[in-house]
Amino acid sequence: MLAWYDRHRRTLPWRGEDDPYRIWLSEVMLQQTTVAAVGPRYARFLARFPDVAALAAAAWEDVAAEWAGLGYYARARNLHAAAKAVAARGGFPDTEAGLRELPGIGAYTAAAVAAIAFDRPTVPVDGNVERVVARLMAITDPLPGARRLIAPVAARFMEQEAPQARPGDFVQALFDLGATICTPRRPACALCPWREDCRARQEGIQESLPAKAPKAARKLRHGLHFLARDPAGRLLLRHRPPEGLLGGMLEIPGAPWREEPWSLDEALPHAPLPGLAWALRPGLARHGFTHMDLDMRLAEAAAPALPAPEGMVWMTPEAALTALPTAIRRLLPLADPPLAEGAGAVASDPPRARGARRRGTSP
DNA sequence: AACACGGGGAA
DNA sequence: TTCCCAGTGTT
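Residues numbered from 1 in each chain as written. Chains lettered and ligands numbered in written order. Predicted model: local features only at pLDDT ≥ 70, side-chain atom pairs only at ≥ 80, totals over all residues. Heavy atoms only, no water.

Draft legend 1. Broad picture of the packing of helix 9 (residues 127-136) against helix 10 (residues 147-161). At a minimum axis distance of 10 Å, the contact between helix 9 and helix 10 shows a crossing angle of 90°. When the axis of helix 9 is compared with that of helix 10, the two are roughly perpendicular. Between helix 9 and helix 10, the contacting residues are Val129, Glu130, Val133, Ala134 and Leu136 on the first element and Arg147, Ile150, Val153, Ala154 and Phe157 on the second. For the contact of helix 9 with helix 10, the per-class residue count stands at eight nonpolar, no polar and two charged. (Axes fitted to C-alpha atoms, helices over the stretch in contact; angles between N-to-C directions. Helix = DSSP H or I, 4+ residues; strand = E, 2+ residues; numbered from the N terminus. Parallel < 35°, antiparallel > 145°, perpendicular 65-115°, else oblique. Contact = heavy atoms within 4.5 Å. Nonpolar A, V, L, I, M, F, W, Y, C, P; charged D, E, K, R; others polar.)

What follows is the structure in structure tokens.
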């Protein structure tokens, strides 16, 4: 495995780093997030917060804006909290158990940082390792339950394949094998260093593993949001509660997301400023979360120059574009004139700003 | 053990 | 479209 890794490993921005801060940051960004999505964001984050002291000293607003668009915003909150804890104790814990105490570091990330940054002989079990081990051992139990069978096998590999040598490289070799050879669909078994040992391949069932438990159906919810613009063209945004969905992020204020679609009249009590002439815009913004789909409509009004109400802030469209989470950003192309992604210099193509088509028989 | 929690890239 | 990604925390 290590010989294969030395020959075929991917070149990645966080490869070869020995700074625990950088390893940790990469692992947190990579939680449920693809390498391709993390790449540019990793470099940008480090440019803004070059070390753990800088992150610990930063204001939450700046961390949130930097994380916007990456998703799973509890990661950013926990990252910020963990940075303060690390700065306070004078450095990173160098054991799996010590790392596990930090907010946002669970079983996987503790093992990953311990192995990669501190060469501890432990195996983080991510989606790649689950897939590689399930196939190698022909484990047919469905995930996530099968993890209790997979983890001990992975730990045994570490003992056998990397006896006190290169634990960090061994786990990253497993990642790379899963990402480039032992892929979810159409694995390239002919190129695999373990092709002769793989029980799933021997049985011809590699493409059906790992088995997964069926996931719950996504609910559909509806929202109606109110975009107020002041005479300077700034947008009125609201802070969401610190926990829960999009916790701690900014949003365009609106009526709560619920099962039934909103009419403008019905939603009016939830408008951020009283007495404005709200006009409902045509079209619908749709966003899919992990557990629900969300259909949002947009009402707009011109507002006089006023101080922002409690918990809200006036922000330029340019700043809003980068500070808003993607779900909320999808409303901007519905505005008149549209505040699309390319509103600034770049005339990029507006994302799925699908109009009222689809089966949404709008009011 | 089951849920809540984002978003994007690839097939 | 669907799948799934270097998962964590809460209930």
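Draft legend 2. The protein's contact with DNA strand B, seen in detail. Taken together, 20 residues surround DNA strand B, and among them Tyr73, Leu245, Leu246, Thr290 and His291 come closest. Take Tyr72: an N or O atom from its main chain is 3.0 Å from a sugar or linking oxygen of DNA strand B. At a separation of 3.3 Å, a phosphate oxygen of DNA strand B approaches a polar backbone atom of Leu245. (Near = heavy atom within 4 Å. Polar contact = N/O pair within 3.5 Å; in protein donor to acceptor, adjacent residues only side chain to side chain.)

Draft legend 3. Highlighting helix 6 (residues 74-89). The terminal C-alpha atoms of helix 6, which comprises 16 residues, lie 22 Å apart, in line with the 22 Å expected from a rise of 1.5 Å per residue. Among the residues of helix 6, Arg75, Ala76, Arg77, Leu79, His80, Ala82, Ala83 and Val86 are the ones counted as buried. The secondary structure elements touched by the buried residues of helix 6 are helix 2 (20-29), helix 3 (35-48), helix 4 (52-57) and helix 5 (60-67). Of the residues one or two after helix 6, Gly90 is the one with positive phi, at around 85°. (Expected span 1.5 Å × (residues − 1). Buried < 20%, exposed > 50% of the residue type's maximum accessible area, 1.4 Å probe, protein only.)

Draft legend 4. Structural detail: the domain arrangement of chain A. With domains assigned, chain A is organised as domain 1 (2-208) and domain 2 (219-347). Computed from C-alpha coordinates alone, the two centres of domain 1 and domain 2 are separated by 36 Å. Taken together, the contacts link nine residues of domain 1 with 14 residues of domain 2. Of the roughly 780 Å² buried where domain 1 meets domain 2, counting both sides, 52% is carbon and sulfur surface. Looking only at domain 1, the three residues that lose the most surface to domain 2 are Ala68, Tyr73 and Arg77, adding up to 53% of its buried area. One can count one salt bridge joining domain 1 with domain 2. Between Arg77 and Glu243 there is a salt bridge, with the nearest N and O atoms lying 3.8 Å from each other. In this assembly, domain 1 and domain 2 are joined by three residue pairs in polar contact (both at pLDDT 80 or more). Per-element tally for the side of domain 1 that touches domain 2: the top contributor is helix 5, with four residues. (Domains from an automatic or database assignment. Buried area = accessible area lost by both parts, 1.4 Å probe. Salt bridge = Lys/Arg side-chain N within 4 Å of Asp/Glu carboxyl O.)

Draft legend 5. Quick peek at the nonpolar core. In this structure, Tyr21, Trp24, Phe45, Leu55, Trp67 and Trp194 are the most contacted members of the largest nonpolar core, which totals 97 residues. Here this core spans two domains, and each of domain 1 (2-208) and domain 2 (219-347) adds at least three residues to it. Leave out the neighbours within four places in its chain, and Tyr21 touches Phe45, Leu46, Phe49, Pro50, Asp51, Val52, Leu55 and Phe92. Within the second largest apolar cluster, 17 residues are counted, among which are Ala267, Ala271, Leu276 and Ala303. (Core = buried A, V, L, I, M, F, W, Y, C linked by side-chain atoms within 4.5 Å.)

Draft legend 6. Structural detail: the pairing of strand 5 (residues 285-288). The side-chain alternation of strand 5 yields one buried face, formed by Ala285 and His287, and one unburied face, formed by Arg286 and Gly288. Where strand 5 hands over to strand 6 (residues 292-302), the hairpin turn is made up of three residues, counted between the paired strands. (Pairing = 2+ DSSP bridges.)

Draft legend 7. Spatial organisation of the packing of aromatic side chains. With the rule as written, the count across this model stands at nine aromatic pairs. With centroids separated by 5.4 Å and ring planes inclined at 80°, the aromatic side chains of Trp14 and Tyr42 adopt a geometry described as edge-to-face. In this pair, Trp14 sits in the loop between helix 1 (2-8) and helix 2 while Tyr42 sits in helix 3, placing the two residues 28 residues apart along the sequence. Of the two residues, Trp14 and Tyr42, neither departs from the other in class, the shared state being buried. (Phe/Tyr/Trp six-rings, centres within 6.5 Å; stacked < 30°, edge-to-face > 60°.)

Draft legend 8. Region of the structure containing the pattern of salt bridges. Using the criterion set out here, one finds 23 salt bridges in the structure. For Arg22, the salt bridge identified is with Asp19, shortest N-O distance 3.9 Å. In this structure Asp19 comes out as partly exposed when scored by relative accessible area, which is 26%. Here Arg234 makes a salt bridge to Asp230, at a shortest N to O gap of 2.9 Å. For Asp230, a relative accessible area of 7% corresponds to the buried category. Each of the salt bridges in this network shares a partner with another, and the network as a whole consists of Arg44, Arg48, Asp62 and Glu66.

Draft legend 9. The protein's contact with DNA strand C, seen in detail. Taken together, 28 residues surround DNA strand C, and among them Glu27, Gly104, Thr109, Asp126 and Arg131 come closest. Those atoms of DNA strand C that come within 4 Å of the protein belong to sugar or phosphate at a rate of 64%. Residue Glu27 places a side-chain N or O atom 2.8 Å away from a base nitrogen belonging to DNA strand C. With respect to DNA strand C, the side chain of Asp126 contributes an N or O atom lying 2.6 Å from a sugar or linking oxygen. Of all the secondary structure elements, the ones that give two or more residues to the surface near DNA strand C are helix 8 (107-118) and helix 9. Residue classes in the surface near DNA strand C are distributed as eleven nonpolar, nine polar and eight charged.

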